[in-house]
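What follows is the residue order along each chain.
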Amino acid sequence: MADATTQQRLAACLAALQAQIARHPDGRCRTPRFDRQLFSTTGTRLADYLQETERNLQLFCACDNAQERVWLADKLVNQIAALQREASTQQLRLRRERPIASPRQQKLEEYREYERRLQAMIDQREQRLALAESLAQQQQLKQDLEVLEGRMARCRQAISAVSWALSLRGDAL
């Protein structure tokens, strides 16, 4: 009786998990999502891991050995919990999940991140320059700004070059 109840509960949890995963776009990610001890699957989509969990449930249902059933039940509970956590936080991870089609697109994203950080540094130095009281501080901050603006110019040149190369290939930006 207890085995049938456990089996029904695991099946119900798995059905709810299938519905939860179906509601979200299941994009590939660049690296496997889970530890190799939890899932043997090397796929990068939630559906890949869900299939392994379904296979483990079938093994659990067909198993006659009590110790093996306990081990499989524990593994199933851990897999379902991990998949539930991942599915519930998937919308937070969309940027990481987006597959990158080419190394150039990856470089473009990297350069844009540099540009964003450089702009933040420039803004910070300009604010400090406006509040600087001594001439030495003002001169140092102006020198820092010149260096940062030079870096920004080189960064924007690199962005333009990569964007141009991508447009020649017809890749979307």
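Note: the structure precedes this text.
Here goes a summary of the coordinates provided. Note on numbering: residues in each chain are counted from 1, in written sequence order. Two thresholds apply to this predicted model, a pLDDT of at least 70 for residue-level local features and 80 or more for giving and counting side-chain atom pairs, whereas whole-chain, interface and lining totals are computed over all residues. Side-chain numbers come from the whole structure's heavy atoms, not from hydrogens or water.

**Section: helix α2 (residues 46–62)**
Turning to step 1, where the next piece is worked out: Compared with an ideal rise of 1.5 Å per residue, which puts 17 residues at 24 Å, α2 spans 25 Å between its outermost C-alpha atoms and is within 8% of the ideal.
Turning to step 2, where the next piece is worked out: Along α2, the residues that are buried comprise Leu46, Asp48, Tyr49, Leu50, Glu52, Thr53, Asn56, Leu57 and Phe60. Starting at the N terminus, helices and strands are each numbered in turn, a helix being any DSSP run of H or I of at least four residues and a strand any DSSP run of E of at least two. Take the residue count of a helix, subtract one, and multiply by 1.5 Å to get its expected span. Exposure categories follow from relative accessible area, calculated using a 1.4 Å probe and restricted to protein chains: below 20% of the type maximum is buried, above 50% is exposed, and the middle band is partly exposed.

**Concerning the nonpolar core**
Turning to step 1, where the next piece is worked out: Core analysis: the biggest nonpolar cluster contains 20 residues, and Leu17, Phe34, Phe39, Phe60 and Leu83 have the highest contact counts within it.
Turning to step 2, where the next piece is worked out: Mapped by element, the contributors of at least two residues to this core are α1 (2–22), α2 and α3 (66–88).
Turning to step 3, where the next piece is worked out: The biggest single contributor to this core is α3, with seven residues.
Turning to step 4, where the next piece is worked out: Formed by 11 residues, the second largest nonpolar core is a distinct cluster that contains Leu108, Tyr111, Leu148 and Leu166. We define a nonpolar core as any set of buried Ala, Val, Leu, Ile, Met, Phe, Trp, Tyr and Cys residues linked to one another through side-chain atoms lying within 4.5 Å.

**Digging into the side chain of Thr53**
Turning to step 1, where the next piece is worked out: As for its placement among the helices and strands, Thr53 is situated in helix α2.
Turning to step 2, where the next piece is worked out: Here Thr53 falls in the buried class, since its relative accessible area comes to 0%.
Turning to step 3, where the next piece is worked out: Between N or O atoms, a polar contact is any pair within 3.5 Å; within protein, one atom must be a potential hydrogen donor and the other a potential acceptor, and residues adjacent in sequence are included only when both atoms are from side chains. A distance of 3.0 Å separates the side chain of Thr53 from the backbone oxygen of Tyr49, its partner in a polar contact.
Turning to step 4, where the next piece is worked out: In contact with Thr53, not counting residues within four places along its chain, are Leu14, Phe39, Leu76, Gln79, Ile80 and Leu83. Here, two residues are considered to be in contact whenever any of their heavy atoms come within 4.5 Å of each other.

**Some thoughts on the packing of helix α5 (residues 103–131) against helix α6 (residues 135–169)**
Turning to step 1, where the next piece is worked out: The geometry of α5 relative to α6 is characterised by a closest axis approach of 9 Å and an angle of 160 degrees between their N-to-C directions. Considered as vectors, α5 and α6 are oriented roughly antiparallel to each other. Every pair of crossing elements has a handedness; the one defined by α5 and α6 is left-handed.
Turning to step 2, where the next piece is worked out: Residues are grouped as follows: nonpolar covers Ala, Val, Leu, Ile, Met, Phe, Trp, Tyr, Cys and Pro; charged covers Asp, Glu, Lys and Arg; every other residue, Gly included, is treated as polar. Of the residues assigned to the contact of α5 with α6, the class counts are 17 nonpolar, four polar and 12 charged. Each axis is a line fitted through C-alpha atoms, and for a helix only the stretch in contact is used; angles between axes span 0 to 180 degrees, taken between their N-to-C directions. By the definition adopted for this analysis, an angle is roughly parallel if under 35 degrees, roughly antiparallel if over 145, roughly perpendicular if from 65 to 115, and oblique otherwise. Here a crossing is taken to be left-handed if its near helix is turned anticlockwise relative to the far helix by less than a right angle, and right-handed if that turn runs clockwise.

**Considering a negative patch on the surface**
Turning to step 1, where the next piece is worked out: Patch membership requires over 30% relative accessible area and the absence of a salt bridge. Like charges are linked within 9 Å, and nonpolar side chains (Val, Leu, Ile, Met, Phe, Trp, Tyr) within 5 Å. Residue exposure ignores everything except the shown protein chains as possible cover, and the areas themselves are Shrake-Rupley values with a 1.4 Å probe. Salt bridge criterion: a side-chain nitrogen from Lys or Arg within 4 Å of a carboxyl oxygen from Asp or Glu. Asp and Glu are treated as the negative residues and Lys and Arg as the positive ones, with His and the ends of the chain left uncounted. Every charge is mapped to an atom, namely NZ of Lys, CZ of Arg, CG of Asp or CD of Glu. A contiguous patch of negative charge on the surface is contributed by Asp123, Glu126, Glu146 and Glu149.
Turning to step 2, where the next piece is worked out: Elements that contribute at least two residues to the negative patch include exactly α5 and α6.
Turning to step 3, where the next piece is worked out: Mapping Glu126 onto the fold places it in helix α5.

**Comments concerning α5**
Turning to step 1, where the next piece is worked out: Compared with the 42 Å implied by 1.5 Å per residue over 29 residues, the 42 Å span of α5 between its first and last C-alpha is a close match.
Turning to step 2, where the next piece is worked out: Regarding α5, the residues found buried are Gln105, Leu108, Tyr111, Leu118, Ile122 and Arg125.
Turning to step 3, where the next piece is worked out: Lining the buried residues of α5 we find α6.

**Let's talk about the pattern of salt bridges**
Turning to step 1, where the next piece is worked out: Summed over the entire model, instances satisfying the criterion amount to four salt bridges.
Turning to step 2, where the next piece is worked out: For the salt bridge of Glu110 with Lys107, the shortest nitrogen-to-oxygen distance reads 3.6 Å. Placement of the pair is Glu110 and Lys107 together in helix α5, with a separation of three residues, close to one helical turn.
Turning to step 3, where the next piece is worked out: Here Glu113 makes a salt bridge to Arg116, at a shortest N to O gap of 2.6 Å. On the criterion of helical spacing, the pair formed by Glu113 and Arg116 is a turn pair, its members being three residues apart in helix α5.
Turning to step 4, where the next piece is worked out: Looking at Glu113, the relative accessible area reads 23%, which means it is partly exposed.

**A short note on the environment of Gln138**
Turning to step 1, where the next piece is worked out: Structurally, Gln138 can be placed in helix α6.
Turning to step 2, where the next piece is worked out: Here Gln138 is in contact with Leu129, Ala132 and Glu133, once residues within four sequence places are set aside.

**As for the packing of aromatic side chains**
Turning to step 1, where the next piece is worked out: Two rings from Phe, Tyr or Trp (for Trp, the six-membered ring) form a pair when their centres sit within 6.5 Å of each other. Planes less than 30 degrees apart are called stacked, planes more than 60 degrees apart edge-to-face, and all others tilted. Tallied over the entire structure, the rule returns two aromatic pairs.
Turning to step 2, where the next piece is worked out: Judged by centre distance (5.0 Å) and plane angle (70 degrees), the rings of Phe39 and Tyr49 are edge-to-face. Of the two residues, Phe39 sits in the loop between α1 and α2 while Tyr49 sits in helix α2, which places them 10 residues apart along the sequence.
Turning to step 3, where the next piece is worked out: Look at Tyr49 and you get buried, because its relative accessible area is 0%.
Turning to step 4, where the next piece is worked out: Between Tyr111 and Tyr114 the ring centres are 6.4 Å apart and the planes differ by 40 degrees, which places this aromatic pair in the tilted class. One end of the pair is Tyr111 and the other is Tyr114, both in helix α5 and three residues apart, which spans about a single turn.
Turning to step 5, where the next piece is worked out: Given the relative accessible area of 35%, Tyr114 is considered partly exposed.

Taken by themselves, the reported measurements are silent on function.
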